[in-house]
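Reading the structure
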Amino acid sequence: MDRPKTLVLTGASRGIGHATVKRFAEHGWRLFTCSREDIPKECRVDANWAHHVPCDLSVPADRARFVAEINDRLGDAPLDALVNNAGISPKTPYKERLGVLHGEIEGWHRVFELNFYAPLELSRGFAGALARARGAVVNVTSIAGHRAHPFAGSAYSTSKAALSGLTREMAVEFAPLGVRVNAVAPGEIETEMVSVDYEPLITRIPMQRMGTAAEVASVIHRLCDADFGYVTGSEVFVTGGQQLL
Ligand SMILES: NC(=O)c1ccc[n+]([C@@H]2O[C@H](COP(=O)([O-])OP(=O)(O)OC[C@H]3O[C@@H](n4cnc5c(N)ncnc54)[C@H](OP(=O)(O)O)[C@@H]3O)[C@@H](O)[C@H]2O)c1
């Protein structure tokens, strides 16, 4: 019998991350996760959810603690997939976009710590375990990394553009380890990150609707599947065609 596969995912408490762990759990994967909050109570009963570490990935010491704790639990076991999903898109206290002209520069540092440095350091920290499985990394980027967005601020958008670039560089660096690295770039997805203010954007989406977290989760899951064994360095737009206009 095949061994159960193992996933490490960040940002599991809600939204796309929570939908993704549910998707992998349905397929029998063993799950190691983190977010600042604990996971919702109803998910605690899922026997596949092996371990959740409450931690703040924008803090370097917390990132190191998370990597050490999970590697310790993995021991010599292989890691089949790492999904770098946790991300923030903060506004200024006046609800302005956090941009070059508005907001504290400290806010930019916080955004880059979580959206860029956490995926970088976790990928490095789990490289050995991923190599043992000839596994896969999926970075959750954004359409906002590819074009100016009316609500996402410049700090968020440039952090996601950097993560798209990191996906390309990691694909080349990790290929000799047998590890594939891809990205999923969501458009407008119904989660807490998206408010009612986003509804006018639907007219700019060819499919004329927002996406669901489950629709992003299923693409992440397939990218980690052996069927995609020759795909690395790709970024899949899950946008209803929004990047085309
Ligand atoms: N929704 C969209 O339309 C959309 C579009 C493009 C890209 N994305 C990207 O998709 C990913 C998920 O977004 P989402 O819409 O699902 O967002 P969400 O509903 O706000 O969920 C974000 C997740 O990240 C966790 N998180 C936030 N800050 C954290 C920190 N400092 N340390 C550890 N975990 C942290 C949150 O948990 P805690 O609060 O408990 O820490 C939560 O589980 C993000 O990378 C986002 O940029 C989303």
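Residues numbered from 1 in each chain as written. Predicted model: local features only at pLDDT ≥ 70, side-chain atom pairs only at ≥ 80, totals over all residues.

Attention now goes to the pairing of strand β5 (residues 136–140). Of all 5 residues in β5, 5 are buried; the element is thus mostly enclosed. Burial along β5 is two-sided: the face carrying Ala-136, Val-138 and Val-140 and the face carrying Val-137 and Asn-139 are both buried. Summarising the sheet, strand β4 (residues 81–84) and β5 pair through 4 bridges and their orientation is parallel. If you follow Asn-84 over to β5, its bridge partner there is Asn-139. (Buried ≥ 20, exposed ≤ 12 C-beta atoms within 10 Å, placed from the backbone. Helix = DSSP H or I, 4+ residues; strand = E, 2+ residues; numbered from the N terminus. Pairing = 2+ DSSP bridges.)

The environment of the ligand is made up of 30 residues, and the closest members are Gly-11, Gly-15, Arg-36, Glu-37 and Gly-87. Counting residues per element, the ones that place at least two in the shell around the ligand are α1 (15–26) and β2 (30–35). Tallying contributions element by element places α1 first for the shell around the ligand, with 3 residues. Grouping the constituent residues of the shell around the ligand by class yields 12 nonpolar, 12 polar and 6 charged. (Near = placed C-beta within 6 Å. Nonpolar A, V, L, I, M, F, W, Y, C, P; charged D, E, K, R; others polar.)

This brings us to helix α4 (residues 105–125). Relative to the 30 Å expected for 21 residues at 1.5 Å per residue, α4 spans 28 Å between its end C-alpha atoms, a close match to the ideal helical length. As for α4, its buried residues are in contact with β1 (6–10), α3 (60–74), β4, α5 (127–133), β5 and α6 (154–174). (Expected span 1.5 Å × (residues − 1). Contact = placed C-beta atoms within 7 Å.)

Spatial ordering of the open sheet is given by β3-β2-β1-β4-β5-β6-β7, a layout of 7 strands whose pairing is parallel. With partners counted over all chains shown, the strands left at the sheet margins are β3 (49–54) and β7 (235–238), one partner each. When the angles between neighbouring strand axes are averaged without regard to direction, this sheet yields 15°. Alignment of β1 against β2, held across 5 bridges, turns out to be parallel. Bridge pairing in β2 links Thr-6 to Arg-30. (Axes fitted to C-alpha atoms, helices over the stretch in contact; angles between N-to-C directions.)

So, about the environment of Gly-99. Within the fold, Gly-99 resides in the loop between β4 and α4. Overall, the presence of 16 C-beta atoms within 10 Å leaves Gly-99 in the partly exposed class. Through-space distance from the C-alpha of Gly-99 to that of Gly-153 is 5.4 Å; in sequence the pair is 54 residues apart.

This next bit is on the environment of Tyr-198. Within the element layout of this structure, Tyr-198 appears in the loop between β6 (180–186) and α7 (213–223). Not counting residues within four places of it along the chain, the set of residues in contact with Tyr-198 comprises Phe-151 and Glu-188.

Bringing the nonpolar core into the picture now. Formed by 60 residues in total, the largest nonpolar core has its most connected members in Leu-82, Val-138, Val-184 and Val-216. In contact with Val-138, other than residues within four places in its own chain, are Val-83, Asn-182, Ala-183, Val-184, Ile-220, Leu-223 and Cys-224. (Core = buried A, V, L, I, M, F, W, Y, C linked by C-beta atoms within 7 Å.)

What follows is about α6. Look at α6: 29 Å from first C-alpha to last across 21 residues, which is about the 30 Å you get at 1.5 Å a residue. Buried residues of α6: Ala-155, Tyr-156, Ser-157, Ser-159, Lys-160, Leu-163, Leu-166, Thr-167, Met-170 and Phe-174, and no others.

Moving on to the packing of α3 against α4. Relative to each other, α3 and α4 sit at 30°, their axes nearing to 10 Å. Regarding the angle of α3 to α4, the classification is roughly parallel. For the pair α3 and α4, the sense of crossing is right-handed. Listed contacts from α4 to Arg-63, Val-67 and Asn-71 of α3 are Ala-118, Glu-121, Leu-122 and Gly-125. (Parallel < 35°, antiparallel > 145°, perpendicular 65-115°, else oblique. Left-handed = near helix turned anticlockwise from the far one by under 90°.)

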